[in-house]
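# Overview (structure and organization)
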Amino acid sequence: MPDRSFLNWPFFEDRHRQLAERLDSWCAKNLPVDHHEVDAACRALVAKLGRDGWLKPTALDPANPGPLDVRTLCITRETLARHDGLADFAFAMQGLGTGAITLFGTPEQQRWLGKTRAGQAISAFALSEPRSGSDVANMEMTAVRDGGDYVLSGEKTWISNGGIADLYVIFARTGEAPGAKGISAFIVPGDAKGLGIAERLEVIAPHPLARLSFDNVRVPASALIGKPGDGFRIAMSVLDVFRSTVGAAALGFARRALDESVSRAAERKLFGAPMAELQIVQGHIADMALDVDAAALLIYRAAWTKDTGAARVTREAAMAKLFATDKAQEVIDKAVQLHGGDGVRKGHIVESLYREIRALRIYEGASDVQKVVIARQVMGAV
Ligand SMILES: Cc1cc2nc3c(=O)[nH]c(=O)nc-3n(C[C@H](O)[C@H](O)[C@H](O)COP(=O)(O)OP(=O)(O)OC[C@H]3O[C@@H](n4cnc5c(N)ncnc54)[C@H](O)[C@@H]3O)c2cc1C
């Protein structure tokens, strides 16, 4: 039985506690799914999550506009990740992919959200390029104004849902100024002429991922999100909301690793007694529990701070993501160790957690980048 005591913390309201209970029961009945056909599995997960209403918090409700509730996003990601990494991925991308539209879209653009919240359209967020990952301002893809249209040319890579998305939010250079101030954001439909899959990318925890090519892709000027030159600010605002939720997914993986380890230590006999009686094993379990609780405190602090009105949570979100993802890696590594040979056996839950966690320390700002962000915030405040 996973530890639920954190739900009594003052960061939460009763609606969050009820959500955690209801979603956990839903997950127990519906997850994990078979990951072998990853595109089909992802499409089915989005449809199922949408059908049962779980995608509603990922984006603004055009009929009843209000801010995103980051605590709801974090609890949902934590719970889904504890049951199935691909389900968490499917949920997370519906939010990240439409974040710019929720925060800065026109009412016309926000019509997409009715479909993404219902699981009837899949979304993607396309910022990274072959020569600009961490160094976002160095992007090369261009969007050139041509009458009433923009024409997009270049490449995006590492795009989650690349190849299966119905809509992409794309960032491209429009040239109002050099560097970060010359980038704009656009909505590009998945079936746009000239948009192609240059390469499918396979990673250690498979999910739909691609390098995309844009060969003179034409979109109307109404596809521009915000104003020309606002793209970098828009991307950073979206990441500011969703970065804590990456930490929440890591927390879900870490909690599962801890639960599996506690069960294993109770059941497995070593030297004539349960493994749990070995004091070094107890030491590992204590370290894991400490890291899980500390990560949860940082994540829900960041989420609560945002939900209660802070304009930006750059420092809090960076701390939450950095600590939760790095510590989840350590917790899961300990779980693998405590499981002995079974820990590295293909198909075992802790083996899959070991693969699932790694990329979270790289995307949406690598751990090293989070340290730079935190240091700048701390030193800037002095
Ligand atoms: C599984 C997966 C899914 C992804 N999904 C998406 C997506 O949906 N959309 C999207 O746009 N992108 C996505 N990405 C891309 C991701 O955001 C980039 O991989 C990430 O920003 C790092 O960029 P890079 O790979 O080019 O590495 P680089 O920018 O070359 O960085 C390599 C390493 O250098 C170090 N480093 C970088 N900057 C600094 C610094 N300032 N100080 C100190 N050290 C530093 C870090 O250790 C970093 O890991 C995804 C990546 C992965 C692996």
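Remember, it's a predicted structure, so these values are computed and weren't measured experimentally.

Bringing the overall build of the protein chain into the picture now. Summing up its helical and strand segments, the protein chain has ten helices and ten strands in all. In summary, the protein chain has a C-alpha radius of gyration of 21 Å against a globular reference of 21 Å for 382 residues, a match within 12%. Among the 382 residues that make up the protein chain, the fraction classed as buried is 53%. Across the protein chain, every contact between residues at least 6 apart in sequence was considered, and the portion connecting residues at least 24 apart equals 74%.

All right, on to the pattern of salt bridges then. As enumerated under the stated definition, the model contains 29 salt bridges in all. Between Asp69 and Arg71 there is a salt bridge whose closest N-O contact spans 3.6 Å. For the pair shown, Asp69 and Arg71 are each scored as buried.

Right, let's talk about the UniProt feature "domain: Acyl-CoA dehydrogenase/oxidase C-terminal" (unreviewed entry) in the protein chain for a bit. Here the UniProt feature "domain: Acyl-CoA dehydrogenase/oxidase C-terminal" (unreviewed entry) sits at residues 229-378. Taken end to end, residues 229-378 comprises 75% helix and 3% strand; its first and last C-alpha atoms sit 28 Å apart.

Bringing empty space enclosed by the protein into the picture now. Summed over all chains, the structure comprises one cavity of 30 Å³ or more. Size it by volume and the largest cavity reaches roughly 80 Å³. Arg4, Phe6, Glu78, Thr79 and Arg82 are the residues nearest the centre of the largest cavity, which is lined by 13 residues in total. Of all elements in the fold, only helix 1 (14-30) and helix 3 (70-83) reach the threshold of two or more residues within the lining of the largest cavity. Broken down by element, the lining of the largest cavity gets its largest block of residues, four residues, from helix 3. Per-class residue counts for the lining of the largest cavity are six nonpolar, one polar and six charged.

Residues Ser123 and Phe125 point to one face of strand 1 (residues 123-126) and Ala124 and Ala126 to the other, with burial holding for every one of them. Note that strand 1 and strand 4 (residues 167-173) share four bridges and pair parallel. Note that in strand 4 the partner of Ser123 across the bridge is Leu167.

What follows is about the environment of Val350. With respect to the helices and strands, the residue Val350 is situated in helix 9 (residues 349-358). Considered as a pair, Val350 and Arg256 are 94 residues apart in the sequence and their alpha carbons are 8.4 Å apart. Sequence-distant contacts of Val350, that is, excluding residues within four places in its chain, are made with Glu260, Ile332, Ala335, Val336, His339 and Gly343.

Moving on: the packing of aromatic side chains. Counted according to the given criterion, the structure contains nine aromatic pairs. The interplanar angle of 75° and the centroid separation of 6.1 Å between the aromatic rings of Phe6 and Trp9 together place this pair among those described as edge-to-face. Each member of the pair, Phe6 as well as Trp9, is classed as buried. When the centroid spacing of 5.3 Å and the interplanar angle of 65° are considered together, the rings of Phe125 and Phe171 count as edge-to-face. In this pair, Phe125 sits in strand 1 while Phe171 sits in strand 4, placing the two residues 46 residues apart along the sequence. Of the two residues examined, Phe125 and Phe171, each falls in the buried class. The structure contains a cluster of three or more aromatic residues connected by ring pairs, namely Phe6, Trp9, Phe11, Phe12, Tyr300 and Trp304.

UniProt tags residues 14-119 as "domain: Acyl-CoA dehydrogenase/oxidase N-terminal" (unreviewed entry). In this annotation, residues 14-119 is assigned 68% helix and 0% strand; the end-to-end C-alpha distance for the span is 26 Å.

On to the site of the ligand. Close to the ligand lie 19 residues; Phe125, Ser128, Ser134, Trp158 and Asp368 are nearest. The side chain of Ser160 places a nitrogen or oxygen atom 2.9 Å from a nitrogen atom of the ligand. Taken together, the elements giving at least two residues each to the shell around the ligand come down to strand 1, strand 3 (149-160) and helix 10 (367-381). Taken together, the residues that form the shell around the ligand break down as twelve nonpolar, five polar and two charged. Taken together, domain 2 (124-229) and domain 3 (232-379) each give at least three residues to the shell around the ligand, which thus spans both.

Here the protein chain is described as being made up of domain 1 (5-122), domain 2 (124-229) and domain 3 (232-379). Its C-alpha centre places domain 2 at a distance of 31 Å from the equivalent point of domain 3. Contacts between the two partners involve 14 residues from domain 2 and, on the opposite side, ten residues from domain 3. Taken as a group, Phe125, Ile204 and Ala205 account for 40% of the area that domain 2 buries against domain 3, more than any other trio of residues on that side. On inspection of domain 2 and its partner domain 3, the count reaches zero salt bridges. At the boundary of domain 2 and domain 3, one finds one residue pair in polar contact (both at pLDDT 80 or more).

Cut-off values and rules
- Residues numbered from 1 in each chain as written.
- Predicted model: local features only at pLDDT ≥ 70, side-chain atom pairs only at ≥ 80, totals over all residues.
- Heavy atoms only, no water.
- Helix = DSSP H or I, 4+ residues; strand = E, 2+ residues; numbered from the N terminus.
- Rg over C-alpha atoms; globule rule 2.2 N^0.38 Å.
- Buried < 20%, exposed > 50% of the residue type's maximum accessible area, 1.4 Å probe, protein only.
- Contact = heavy atoms within 4.5 Å.
- Salt bridge = Lys/Arg side-chain N within 4 Å of Asp/Glu carboxyl O.
- UniProt positions renumbered as here; feature names shortened; annotations may be inferred.
- 1 Å grid on protein atoms, 1.4 Å probe; cavity = no way out; pocket = protein on both sides within 12 Å on 5 of 7 lines; lining within 4 Å.
- Points joined across faces, edges and corners; volume = space filled by probe spheres on them.
- Nonpolar A, V, L, I, M, F, W, Y, C, P; charged D, E, K, R; others polar.
- Pairing = 2+ DSSP bridges.
- Phe/Tyr/Trp six-rings, centres within 6.5 Å; stacked < 30°, edge-to-face > 60°.
- Near = heavy atom within 4 Å.
- Polar contact = N/O pair within 3.5 Å; in protein donor to acceptor, adjacent residues only side chain to side chain.
- Domains from an automatic or database assignment.
- Buried area = accessible area lost by both parts, 1.4 Å probe.

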